[in-house]
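# Structural overview for review
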Amino acid sequence: MSALRDALQELPESVFADLLEADDAYLIVLDLPGVTADTADLRVERGRLVIEARREKAVPPEFRYVSEDRPLFLDAELPLPPDATGAGASAEVDRGVFTVRLPKRDAAPEQTIPITSAGDDA
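Computed from a prediction, not measured in an experiment: that's the story for all the values here.

Assigned secondary structure in the protein chain consists of one helix and seven strands. When the helices and strands of the protein chain are read in sequence order from the N terminus, they spell out α-β-β-β-β-β-β-β. Relative to its full complement of 122 residues, the protein chain shows a buried share of 27%. Considering only intrachain contacts with a sequence separation of at least 6, the fraction spanning at least 24 residues in the protein chain is 47%. Accessible surface for the protein chain amounts to roughly 9000 Å². Of this, 50% is attributable to carbon and sulfur atoms.

In this section: unusual backbone geometry. Although it is not a glycine, R46 sits at a positive phi angle of roughly 45 degrees. Here R46 is to be found in the loop between β3 (40-45) and β4 (48-54). In this structure R46 comes out as exposed when scored by relative accessible area, which is 73%. In this structure, R95 is a non-glycine residue whose phi angle is positive, near 50 degrees. Mapped onto the elements, R95 comes out in the loop between β6 (90-94) and β7 (97-103). Among the residues examined, R95 registers a relative accessible area of 78% and is labelled exposed.

Bringing the packing of aromatic side chains into the picture now. Scanning all chains against the criterion turns up zero aromatic pairs. Taking NZ or CZ as reference, K104 lies 4.9 Å from the ring centre of Y26, over its face.

Let us look at the sheet that holds β3. With antiparallel pairing, the three strands of this open sheet are ordered in space as β3-β4-β5. Each of the sheet's edge strands pairs with one partner strand only, and the pair in question is β3 and β5 (73-79). Going across the sheet, the axis of each strand differs from the next one's by a mean of 10 degrees, ignoring polarity.

Moving on to the side chain of K104. Looking at where K104 falls in the secondary structure, it is placed in the segment after β7. A relative accessible area of 14% places K104 in the buried class. Polar side-chain contacts of K104 include one of 2.6 Å to the side chain of E21. Not counting residues within four places of it along the chain, the set of residues in contact with K104 comprises E21, A22, D23, D24, A25, Y26, D83, A84 and T85.

This part is about the nonpolar core. With 19 residues, the main nonpolar core has I28, L32, I51 and L78 as its most contacted residues. Mapped onto this core, the elements with two or more residues apiece are α1 (2-9), β2 (25-31), β4, β5 and β7. Residues in contact with I51, not counting those within four places in the same chain, are L30, L32, D41, L42, L74, D75, A76 and L78.

Under the criterion given, the structure shown has ten salt bridges. Between E45 and R46 there is a salt bridge, with the nearest N and O atoms lying 3.9 Å from each other. A residue is classified by how much of its surface remains accessible, and E45, at 27% relative accessible area, is partly exposed. Between D94 and R95 there is a salt bridge; the shortest N-O distance is 3.7 Å. Salt bridges here are not isolated pairs; linked through shared partners, they connect D41, R43, E45, R46 and E52.

What counts and how
- Residues numbered from 1 in each chain as written.
- Predicted model: local features only at pLDDT ≥ 70, side-chain atom pairs only at ≥ 80, totals over all residues.
- Heavy atoms only, no water.
- Helix = DSSP H or I, 4+ residues; strand = E, 2+ residues; numbered from the N terminus.
- Buried < 20%, exposed > 50% of the residue type's maximum accessible area, 1.4 Å probe, protein only.
- Contact = heavy atoms within 4.5 Å.
- Areas by Shrake-Rupley, 256 points an atom, 1.4 Å probe, with all protein chains shown as cover.
- Phe/Tyr/Trp six-rings, centres within 6.5 Å; stacked < 30°, edge-to-face > 60°.
- Lys NZ or Arg CZ within 6 Å of the ring centre and 35° of its normal.
- Pairing = 2+ DSSP bridges.
- Axes fitted to C-alpha atoms, helices over the stretch in contact; angles between N-to-C directions.
- Polar contact = N/O pair within 3.5 Å; in protein donor to acceptor, adjacent residues only side chain to side chain.
- Core = buried A, V, L, I, M, F, W, Y, C linked by side-chain atoms within 4.5 Å.
- Salt bridge = Lys/Arg side-chain N within 4 Å of Asp/Glu carboxyl O.

Structure representation (structure tokens):
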């Protein structure tokens, strides 16, 4: 999970993120101001959360840029913990705050392994 934590710290300065963990899932909360459900694509590929987003910027016609520091596009790939899965993942957005829930793979239940002796016929 440290790779994901490190990747979250390397996101552009305009993006803030939190990582939370429960027994059955991870929760990634991303602040993407100006991004909506229609202008974002989130998917899990090869053990990574792929984020592609764009934001709209409306410039009043009587104004021009002196400084433009808010990027229109965000493309990021975050490595996921080995037990995270995209199966059953979900995401919500509320005013540019994306909450992505990634379930953990079910651990194999404990099971007793029967042992027989080589000479047992029963």
